[in-house]
Number of protein chains: 2
Amino acid sequence: MDIEEFRKAGYAAIDSICDYYANISQVPVKAKVQPGYLIDQLPKEAPEDGQRFDEIQKDFGKLILPGITHWQSPSFFAYFPANSTFECMIADLYSSSVSNPGFNWICSPACTELEQVVVEWAARMLGLSKDFWGSSGIGGGVIMGSASDSAFTAAIAAREKALRRLSVESGVKAGDNGQIEIPDKIRQEYGQKLVVYGSTQTHSLGAKAALMLGLPFRAIPVSIDDQYALRGEAVREAIEKDKKDGLVPFLVYATVGTTSTGAVDRIAEIGEVLKEYPTTFLHVDAAWAGVAYALPQYRESLRLQEVNEYADSFCTNFHKWGLTTFDCSIFCVKNRKDLTQALDVTPPFLRSKEADAGTVIDYRNWQPALGRRFRSIKLWFVLRSFGVNGFQKHLERGIEHCQRLTEIVSQSSKFEIITPPSLALLVFRLNPSSSGGGKVDDDKLNLLNQKLHQRLDTRYDIFLTQTVLHSIERNVFCIRLAMGGVNTSFEDVQRAWEIIEEEGERVLSEGDGLVLG
Amino acid sequence: MDIEEFRKAGYAAIDSICDYYANISQVPVKAKVQPGYLIDQLPKEAPEDGQRFDEIQKDFGKLILPGITHWQSPSFFAYFPANSTFECMIADLYSSSVSNPGFNWICSPACTELEQVVVEWAARMLGLSKDFWGSSGIGGGVIMGSASDSAFTAAIAAREKALRRLSVESGVKAGDNGQIEIPDKIRQEYGQKLVVYGSTQTHSLGAKAALMLGLPFRAIPVSIDDQYALRGEAVREAIEKDKKDGLVPFLVYATVGTTSTGAVDRIAEIGEVLKEYPTTFLHVDAAWAGVAYALPQYRESLRLQEVNEYADSFCTNFHKWGLTTFDCSIFCVKNRKDLTQALDVTPPFLRSKEADAGTVIDYRNWQPALGRRFRSIKLWFVLRSFGVNGFQKHLERGIEHCQRLTEIVSQSSKFEIITPPSLALLVFRLNPSSSGGGKVDDDKLNLLNQKLHQRLDTRYDIFLTQTVLHSIERNVFCIRLAMGGVNTSFEDVQRAWEIIEEEGERVLSEGDGLVLG
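The name an unreviewed UniProt entry assigns to chain A is Aromatic-L-amino-acid decarboxylase, from the organism Kwoniella bestiolae CBS 10118. Quoted verbatim from the Sequence similarities (unreviewed entry) field of the UniProt record, the comment on chain A reads "Belongs to the group II decarboxylase family." Under Cofactor (unreviewed entry), UniProt gives the following word-for-word description of chain A: "pyridoxal 5'-phosphate".

*Asks:* Before we go on, may I ask you to explain the relation of the copies chain A and chain B in this structure?
*Replies:* Here two copies of a chain appear, and what relates them is a rotation about an axis with a shift along it. When chain A is fitted onto chain B, the two copies agree to an RMSD of 0.0 Å after a turn of 180 degrees and an axial shift of 0.0 Å. Both copies are brought into coincidence by an operation consistent with a two-fold rotation axis.

*Asks:* What is the right way to read the state of the cysteines from this model?
*Replies:* Simply put, the disulfide is a covalent bond whose two ends are the sulfur atoms of two cysteines. All names here are of chain A. This model, assessed by the stated rule, comprises zero disulfides over all chains. C88 supplies the cysteine sulfur nearest to C18, a cysteine that is in no disulfide, at a spacing of 16 Å. According to the relative accessible area criterion, C18 is buried, its value standing at 1%. Not engaged in a disulfide, the cysteine C332 finds its nearest cysteine sulfur in C315; these two sulfurs lie 8.8 Å apart.

*Asks:* What's the story with the interface of chain A and chain B in this structure? I'm lost.
*Replies:* It is common to report an interface's size as the accessible area lost on association of the parts. With 142 residues of chain A at the interface, the matching set in chain B holds 142 residues. For the pair chain A and chain B, the summed buried area comes to about 13,000 Å², and 66% of that belongs to carbon and sulfur atoms. Linking chain A with chain B are six salt bridges, by the criterion used here. Ionic pairing is found between D15(A) and R7(B), a salt bridge with its closest N-O pair at 2.8 Å. Per-element tally for the side of chain A that touches chain B: the top contributor is helix α1 (residues 3–22) of chain A, with 15 residues. The residue inventory of the side of chain A that touches chain B, partitioned by class, reads 76 nonpolar, 36 polar and 30 charged.

*Asks:* How should I be thinking about unusual backbone geometry in this particular structure?
*Replies:* Note: most peptide bonds trans; most residues except glycine with negative phi. Between F326(A) and D327(A) the backbone carries a cis peptide bond, its omega angle lying at 10 degrees. In this fold, D327(A) is placed in the loop between β6 (313–317) and β7 (329–333). One non-glycine residue, Q227(B), adopts positive backbone phi at about 50 degrees. By relative accessible area, Q227(B) is classed as partly exposed at 46%. Its identity is not glycine, yet L323(B) carries a phi of approximately 70 degrees, on the positive side. Here L323(B) lies in the loop between β6 (313–317) and β7 (329–333). What makes L323(B) buried here is its relative accessible area of 0%.

*Asks:* Explanation requested: the confidence of the model for chain A in the structure shown.
*Replies:* Per-residue confidence for chain A gives a mean pLDDT of 95, with 97% of residues at or over 70. Both scores are given for the predicted complex: the pTM is 0.96, the ipTM 0.96.

*Asks:* Just to check I follow, could you spell out the pattern of salt bridges for this structure?
*Replies:* Note on pairing: side chains with opposite charge can pair once their charged atoms come close. Inspection of the entire model under this criterion finds 82 salt bridges over all chains. Residues E269(A) and R231(A) are paired through a salt bridge, measuring 2.8 Å at the closest nitrogen-oxygen approach. Within this pair, whereas E269(A) is found in helix α9 (residues 267–274), its partner R231(A) is found in the loop between β3 (217–220) and α8 (232–244), the two being separated by 38 residues in sequence. For R159(B), the salt bridge identified is with E160(B), shortest N-O distance 2.9 Å.

*Asks:* Would you take a moment to explain the packing of aromatic side chains for this structure?
*Replies:* The geometry of an aromatic ring pair is captured by two quantities: the separation of the ring centres and the angle between the planes. One pass over the structure, following the stated rule, counts 44 aromatic pairs over all chains. Seen in terms of ring centroids, Y363(B) and W366(B) are 5.3 Å apart; in terms of plane orientation they differ by 75 degrees. Their pairing is edge-to-face. A relative accessible area of 1% means that Y363(B) is categorised as buried. Their ring planes at 75 degrees and their centres at 6.0 Å tell us that F415(B) and F428(B) sit as a pair that is edge-to-face. Note that F415(B) is positioned in strand β8 (residues 415–417) and F428(B) in strand β9 (residues 425–430), a separation of 13 residues in sequence. Like F415(B), the residue F428(B) is buried in the burial classification. Taken together through their ring pairs, the aromatic side chains of F53(A), F60(A), Y94(B), W380(B) and F381(B) make up a single cluster. A cation over an aromatic ring shows up here: R480(A) above the ring of F80(A), its NZ or CZ 4.8 Å from the ring centre. It is R404(B) that lies over the ring of F490(B); its NZ or CZ is 3.9 Å from the centre.

*Asks:* What exactly am I supposed to notice about the packing of helix α14 (residues 442–457) of chain A against helix α15 (residues 490–509) of chain A here?
*Replies:* Two quantities define a packed helix pair, namely the angle between the helix axes and the distance between the axes. Residue and element names in this part refer to chain A. Where α14 contacts α15, the axes come no closer than 9 Å and their chain directions differ by 125 degrees. For the element pair α14 / α15, the angle class is oblique. Between α14 and α15 the crossing geometry is right-handed. In this structure, α14 contributes L448, K451, L452, R455 and L456 to the contact, and α15 contributes I499, I500, E503, G504, R506, V507 and L508. In terms of residue class, the contact of α14 with α15 is built from seven nonpolar, one polar and four charged.

*Asks:* So what exactly am I meant to see when it comes to the pairing of strand β5 (residues 281–285) of chain B here?
*Replies:* Regular strands have side chains that alternate between both faces of the sheet. All names here are of chain B. Within β5, five of the five residues are buried, which leaves the element mostly enclosed by the surrounding structure. Residues F281, H283 and D285 point to one face of β5 and L282 and V284 to the other, with burial holding for every one of them. As defined by bridge partners, strand β4 (residues 248–255) adjoins β5 across five bridges and the pair is classed as parallel. Its bridge partner being in β5, T255 is matched across the sheet by D285. Sheet analysis places β5 next to β6, joined by three bridges and oriented parallel. Pairing of V284 across the sheet is with F314, part of β6.

*Asks:* Honestly, the side chain of R384(B) in this entry has me stumped. Any pointers?
*Replies:* Mapped onto the elements of the fold, R384(B) is located in helix α13 (residues 376–410). In terms of polar contacts, R384(B) uses its side chain to reach the side chain of Q51(A), at 2.6 Å. Polar contacts involving the side chain of R384(B) include one to the side chain of D59(A), which spans 2.8 Å. Not counting the four nearest positions on each side in its chain, R384(B) is found in contact with P47(A), D49(A), G50(A), Q51(A), I56(A), D59(A) and W121(B).

*Asks:* Just to check I follow, could you spell out the sheet that holds β7(A) for this structure?
*Replies:* Hydrogen bonds between backbone atoms are what pair the strands of a sheet, whose relative direction is either parallel or antiparallel. Residue and element names in this part refer to chain A. Strand order in the open sheet formed by seven strands is β1-β7-β6-β5-β4-β2-β3, and the pairing between neighbours is mixed. At either margin of the open sheet sits one strand with a lone partner, and together these are β1 (140–144) and β3. The average undirected angle you get between the axes of adjacent strands in this sheet is 20 degrees. Of the strands in this sheet, β1, β6 and β7 touch helix α4 (residues 109–126), which is tilted by about 105 degrees from β1.

What counts and what doesn't
- The residue numbers shown here count from 1 along each chain, following its written sequence.
- The lettering of chains begins at A and the numbering of ligands begins at 1, in the order of writing.
- Given that this is a predicted model, residues contribute local features only at a pLDDT of at least 70 and side-chain atom pairs are listed and counted only at 80 or more, while totals for whole chains, interfaces and linings are drawn from all residues.
- Heavy atoms throughout the structure, all of them, feed into the side-chain values; hydrogens and water do not.
- UniProt positions are given in the numbering used here, feature names are shortened, and annotations may be inferred rather than shown by experiment.
- The fit set for superposing copies consists of C-alpha atoms from residues with pLDDT of at least 70 in both; the fit itself is least squares.
- Cysteine sulfurs are considered disulfide-paired once they come within 2.5 Å of each other.
- Exposure is judged per residue with a 1.4 Å probe applied to protein chains only, and the accessible area is read against the type maximum: over 50% gives exposed, under 20% gives buried, and values in between give partly exposed.
- Throughout, a contact is declared for two residues whenever any of their heavy atoms are within 4.5 Å.
- Buried area is understood as the total, over both parts, of accessible area removed when two parts are fitted together, assessed with a 1.4 Å probe.
- Each reported salt bridge corresponds to a side-chain nitrogen of Lys or Arg within 4 Å of a carboxyl oxygen of Asp or Glu.
- In this text, helices come from DSSP runs of H or I with a minimum length of four residues, and strands from runs of E with a minimum of two, each type numbered from the N-terminal end.
- Residues are grouped as follows: nonpolar covers Ala, Val, Leu, Ile, Met, Phe, Trp, Tyr, Cys and Pro; charged covers Asp, Glu, Lys and Arg; every other residue, Gly included, is treated as polar.
- Per residue, pLDDT captures the predictor's confidence, and it can take any value from 0 to 100.
- Ring geometry is summarised as follows: Phe, Tyr and Trp rings, the Trp one being its six-membered ring, pair when their centres sit within 6.5 Å, and such pairs are stacked at plane angles under 30 degrees, edge-to-face over 60 and tilted between the two.
- The criterion is that NZ of a Lys, or CZ of an Arg, lies within 6 Å of the ring centre and within 35 degrees of the ring normal, and then a charge sits over that ring.
- Simply put, an axis is a line fit to the C-alpha atoms, just over the touching stretch for a helix, and the angle between two N-to-C directions goes from 0 to 180 degrees.
- Note that the term roughly parallel is reserved for angles under 35 degrees, roughly antiparallel for angles over 145, roughly perpendicular for angles of 65 to 115, and oblique for everything else.
- A clockwise turn of the near helix away from the far one marks a right-handed crossing, whereas an anticlockwise turn of less than a right angle marks a left-handed crossing.
- Being paired, for any two strands, means DSSP has found at least two bridges between them.
- For the purposes of these results, a polar contact is taken to be a pair of N or O atoms within 3.5 Å, where, inside protein, one atom must be able to donate a hydrogen and its partner to accept one; residues adjacent in sequence count only when each atom of the pair is a side-chain atom.

Listed below in structure tokens is the structure:
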């Protein structure tokens, strides 16, 4: 394809994206396809000869769009939103045009420096303390692909930090470069005794990070009374139990805004407990809710001050509610050496005079992989085009939708809200006795709500996800409705609720004896 | 930004990319900026109010482009190429427009199925055996962000497989689901005794994967006589030494096309040795050279048959030489359960009826992170637009450039070629005695070539990287010239060579007594 063919194809792509967004509310949110729909339509092998690009391009509309679950649809209420904005589409286009793997300052100075700048813009907008800012020269932030990547990177940093600490305790001295080399015997002795902690509400990224490191993950039970938040004493108990078994606590994942209910763990309590265990590292996963720190009125309930005081690292995904097209996970640490001491492997071909002089950041040493996309343009465009005010207004809209829906659901005689609404997330269940009739036991309600979810799951005009709330007291099967989609109006939320009510009625009217009685 | 504003801004972005490519050969390949150039020009905080998008967009040209090291420049010969094509820019634009995190089949059927299809197209085009194809139902492939991600994922899979094997040996039986649960005592006993092997020529991804797992990496020395390839006996020796110390071999990284010289490890030899050590897993990293399997005439020298016979997993980056914009690393395994048994953590909110029925792939269980970009569109567009023939022609062009340059350098009286040219990579050094004059010792030559590299490194019109070839015999400092850039013509290669000769002459004429004598 030459330059003029690209211009033509590029315009056509822009036009088709305009059409897509003009019609997005008319299209079912969930793809109406069966497993294998696309595999069956495509040849088994790449063509021998090149094909006309206009034909290829048409196939995006013909073959791909019918198999897309439209995360940008106004009727998408599943998981959490993954906002994509026009600003980011253009930013991604620029990024692809100067494609570079961004691992060194010298291999892409703009890529490295823009990331330093916009991550700090984000940190300041959210009210993260200076300790997390790159300009501190000690802490700093990096854009990762996902909150899982951030959490996993924190785990590696935490493990190495714990082992360095244990090395020092066993008498190892720093080398000429001021660094502690972890002796093999320390790894042999403690490497497999380290334990990761979170709660039963921690995102699966916690269990997965532990799995990847081959270490146990303790999912500490939480209580309904605490609104599913992890408490300091529960952490202490779990740690003490492990210490009695000769194990070593090294990492706690605390969450601000859990996936299931938006619960906010008690960061200060946990942080105070961890002071007693100096091998520990506290990572705060605020993948979804963290962007809401941009709204000062929510900082207290989301425990920002506690994060600033106690967390070693922090993550929030601008690619969820934060208007920035996937992928853009902001990962900030108070001590960048926690990362570089755990991840720096510099062979000769990656050396550069700027890095040797220590005047630049080489982001490859802040992350697991070597190569990385130029992601910061997206966030730069978003924060400039929306401004802090526009960003805040977007968040407030989602929260307002949730508040208005909460009022409606509160008045329902068939549904009950399970936990207080959290920002733009509402968790509820069908409960025909919610208006005060005869009480139905939880097992029956769980079955009833599974049926409701199964029904909702067969529909294409709405997309919601289920969750099971595990707690000390009981397990509750619920439906989640996550608002904050960039194209979602309150009318869309209302329509969703009508569908849920309708399906709820059907489940109840099936009268299979499960419930009534 | 509304739809019509996006249309306007999108056209403008396409136009500016056309201008960029029309002028790319006129612009210095390396950014003429000093550390801090961008940080100093940008405000410390995001603006309060939104800004006009046309102004923001202009800043991409005004602030970012001057700080870009142009990987798409015809004079980029550093590292390996990171080809970007117009086809992929459009593909990435489509991907951003339907942005979705792609972790489940249901959350984006097209995203999952297109990936299954095009990864198999790639595997077939490269001649990988059916065992690696997804349609086998047993093996299959996935697109990762980088070869580091692929290698690291292989490491996790390998560790879990080794520990399952050790569990079985110690009497553990499969559970009702047919799976072996690794008991805690096996992890305690062996978890920290596992060892990763590669050579001194293995990419730093090997050492980094081991570092991330907290396990040792053995960089086995190679010999000049073997052209820097890792041999089976050397692997056996390293393993035996570790076994004597009570350690357990679990993973070998073999390379097809090393970064430094394009060396091809002796896969069959290594594979035969590994048969004696059933806890081992063989990952073949062909990050750069693997795409050249698309050319049947190179399959033998690149040991494709051996990869097919002995490798457990294989990786090649289409985002290097393979015309596909970063990121697109193809990672194939012969047994997909090696991945899912090591990475599957499925909480209720990620369950779906399709996954429960086992009829679909949920790619999140094939990789470390949960979320993932829709990357397969890029590769789909490339393979269709170029066709296998066009893809092959592109590769042949790079190889031909290298062959022609090899002839020129062979005739030089001041330079010597260090290893036989590998595909599109030439490694050489300045050596004034190369035409048969008085012999100069290696230390002096290394210093001389460091000076040459320093000189080349100060230039902006060409970008090359250094390497140090470690071997049993000696260490050789060389210059690498990596061809295969999508915009590079042979005239560009010739011009690069003229610059290198010119700088070489200058270094020699400085006559500091290092060399002559």
